[in-house]
Every structure is written in C-alpha cells, then in structure tokens.
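Observations on chain architecture
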Amino acid sequence: MEKAELEIRHKQIEEEGYTILENAIEPDLIAEFRDEIHRVERERDTAPKGNTVEGFKTLRTYNLLAKSASFQKMPVHEAVLPLVEKVLEPDCLLSGMTSMDLGPGEVPQPLHPDDFVINVKRPHPPLVCTTIWALTDFTEDNGATRIVPGSHKRDQLPDYSQSYESIPAVMPAGSVLVFDGALWHGSGQNRSGDSWRLGINVQYCAGFIRTQQNQYVGIPREIARTFPDRLLELCGYALYKGITGHVDGESPAAALGVDRLVETAYAAGENAAPTISQDD
Ligand SMILES: O=C(O)CCC(=O)C(=O)O
C-alpha cells in the first residue's frame, strides 16, 4: 500500500472506525482460501455451534494456522498488514484467525466490539484491529458484516437487549474490511435463501495484550517452526519491546528450537537494563 493511501485509510479508521479495501487480494489466493476452508469443514464435519454469538447456521473454524499452510499467507499479506501495524503498532500480535461460513437462514449476531473483554475505560486508543476477508461477495442479503460507524468512540459497551442502527459492509469477494476492535459490528442476517457467505476474521492486538486464541498451545511446534520470521513474531515468538515474553532471558524463538529471531532480554537499545552505579 502506498504511503499516501495508508494515511487516508488510517484516518478513516480513526474517524469512522473502519475502512474497506476493495478487491485488495489476488483472486487465485481467495479461491485457494475458500477451497481450504471447505476442505477443513468437510474433513472435520463441522456443524454450527448453536448459540447467538457463534450462530445457528454458521460453520466456524478457529486456529487456522494449525489447519493449513495456505493460511500463513494471510496475516502477513502486504495489502493489509501495514495498515494494521499503523492502527496498532509494529510489535502487534496475531490474536486469532477464524472462518465464518454463514448459512442461509442465519439470524443476525448481536452487535459487539471485539475488545469487549478488555477492561479499560472507553474510548481508548486501538488495542485490537480486526480484518474480515471476504471469500465470497458480502451482500446485504447474504449477511454482510454490519457495522455502526463511529461507535469506537463511544464510552460504553452496547446494551445487548437494545437494537442499534447499523450499515452492511457490502464488498466483493477479495476485499477486506479493516476496523478498530472497539467498533460495534456483527454478522448480518442471511436471508438470501440459498447462498453461503464466507469470510475469515484475521484479528490482531497490541503486543502487550493476551491474544484471544492461544497461539503457543494451539499451533503445534513443528508447524510454528516452519513459519517465516514475520509470522513467528506475530505469533509471539519474539520479545515485546526487548523484554516481555522472554524464556530464561532469551527470545521465545530459542525455546521453540529455531535459530532465528535471536535476542536477549534487556539487552537492546532503549530497553537495555538501566545501569546503576555500584558505588552509590
Ligand atoms: O461474520 C461476521 O461478519 C462477523 C463475525 C464477528 O464479528 C464475530 O464473530 O465476532
């Protein structure tokens, strides 16, 4: 993404809470992700969870990095990651990856922010950044994600017994909705009659926050060891600000058994351990 474009998109997220990157992803890649989700759903015989959050006609698959190497291309994609890094910080983490395959007849999901478990005073600077990738067209009829523009600036969580005015994030397959995790949103109603709406949520959080999906336990070590450096960092295998996340004073990558991202805690630059004179 060009620098000027990045600034414009960032400003939209600051002001409205979201932006839509239309046709941002290569069609072949979108087809590959779609096929992989359908394969995993078939192999796991995925069924709806049957609750208001996860849906009654929706097939959800979590922890996608453990399911197929194809999905390694998503969190680091150059059309999206630079914007996420600008909304959060370059040291952000991958908080989780989930597919939402919304079946005909699905009812609307309650509007919610993705950072609702984070107990800090609202409004606050972005702590979570969510990207929803459209693997099919998202239309008002098939349940496009609904959003409440500007709601990331509110000082309260939604009252789940109320209804709120929202708009559908209509976008063609290959587009990505990017929003501040404080924005109220939810999957829409699928009243298409016969079509499925497939999206993947690639969610990030600031580096000092606990990720929603546990990457260390969820992704087998032999799979994590194959990740390129940037993906390893996003999955928490680097030190945060040169300190947080260390294992015996070293980068967690060493504990994973890879010889990349080598780092010693407290050793680097402004995060070096303070020097205190022993004579005082
Ligand atoms: O499926 C969607 O459009 C949004 C899903 C969502 O917001 C969620 O599951 O938290």
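All figures in this text were calculated on a predicted structure; none of them were measured in a lab.

**Considering the site of the ligand**
For the ligand, the full set of nearby residues is Arg60, Met100, Gln109, His112, Asp114, Ile132, Thr145, His185, Ser187 and Arg197. Histidine 112 is positioned with one of its side-chain polar atoms (N or O) 2.9 Å from an oxygen atom of the ligand. If the ligand stood free it would expose 290 Å²; the protein chains cover 94% of that surface. Per-class residue counts for the shell around the ligand are 2 nonpolar, 5 polar and 3 charged.

**Comments concerning the packing of aromatic side chains**
For the coordinates displayed, the defined rule picks out 5 aromatic pairs. Ring centres 5.4 Å apart and planes at 90° place the aromatic pair tyrosine 216 and tyrosine 237 in the edge-to-face group. Remark: tyrosine 237 occurs in the loop between helix 6 (229-234) and helix 7 (252-256) and tyrosine 216 occurs in helix 4 (residues 215-218); sequence separation between them is 21 residues. Tyrosine 237 gets classed as buried once you look at its relative accessible area, which sits at 6%. Above the plane of the ring of tryptophan 184 lies arginine 154, whose end atom (NZ or CZ) is 4.5 Å from the centre.

**Observations concerning the domain arrangement of the protein chain**
Its domain assignment divides the protein chain into domain 1 (3-215) and domain 2 (242-280). Placing the centre of domain 1 and that of domain 2 at their C-alpha centroids yields a distance of 34 Å.

**What about the sheet that holds strand 3 (residues 93-102)?**
Read from one edge to the other, the open sheet built from 6 strands follows the order 1-7-4-9-3-2, with strand pairing classed as antiparallel. The open sheet has two free edges, formed respectively by strand 1 (18-21) and strand 2 (58-61), since each of these has just one partner strand. On average, adjacent strands in this sheet sit at an angle of 20° to one another, irrespective of strand direction. For strand 2 and strand 3, the ladder comprises 4 bridges, and the chain directions are antiparallel. From the neighbouring strand, threonine 61 faces strand 3, where its bridge partner is serine 99. Packed on one face of the sheet, helix 1 (residues 3-16) meets strand 1 and strand 7 (176-180) and runs near 140° to strand 1. Sheet strands touched by helix 2 (residues 27-44): strand 2, strand 3, strand 4 (128-134) and strand 9 (197-205). Its angle to strand 9, the strand with the most contacts, is close to 100°.

**Some points on helix 2**
Structurally, the α-helix is built with 3.6 residues per turn, so residues lying three or four positions apart point the same way. The end-to-end C-alpha distance of helix 2, which contains 18 residues, comes to 26 Å, matching closely the 26 Å that a straight helix rising 1.5 Å per residue would cover. Within helix 2 the residues assigned to the buried category are Leu29, Ile30, Phe33, Glu36, Ile37, Val40 and Glu41. Viewed along the axis of helix 2, the buried residues span an arc of 135°, placing them on a single side of the element. Structural note: helix 2 exposes Pro27, Asp28, Asp35, Arg42 and Glu43 on the side pointing more than 90 degrees away from its buried face. As for helix 2, its buried residues are in contact with strand 2, strand 3, strand 4 and strand 9. Phi for aspartate 45, located one or two positions after helix 2, is positive at around 50°.

Rules used throughout
- Residues numbered from 1 in each chain as written.
- Predicted model: local features only at pLDDT ≥ 70, side-chain atom pairs only at ≥ 80, totals over all residues.
- Heavy atoms only, no water.
- Near = heavy atom within 4 Å.
- Polar contact = N/O pair within 3.5 Å; in protein donor to acceptor, adjacent residues only side chain to side chain.
- Areas by Shrake-Rupley, 256 points an atom, 1.4 Å probe, with all protein chains shown as cover.
- Nonpolar A, V, L, I, M, F, W, Y, C, P; charged D, E, K, R; others polar.
- Phe/Tyr/Trp six-rings, centres within 6.5 Å; stacked < 30°, edge-to-face > 60°.
- Helix = DSSP H or I, 4+ residues; strand = E, 2+ residues; numbered from the N terminus.
- Buried < 20%, exposed > 50% of the residue type's maximum accessible area, 1.4 Å probe, protein only.
- Lys NZ or Arg CZ within 6 Å of the ring centre and 35° of its normal.
- Domains from an automatic or database assignment.
- Pairing = 2+ DSSP bridges.
- Axes fitted to C-alpha atoms, helices over the stretch in contact; angles between N-to-C directions.
- Contact = heavy atoms within 4.5 Å.
- Expected span 1.5 Å × (residues − 1).
- Arc of directions from axis to C-beta.

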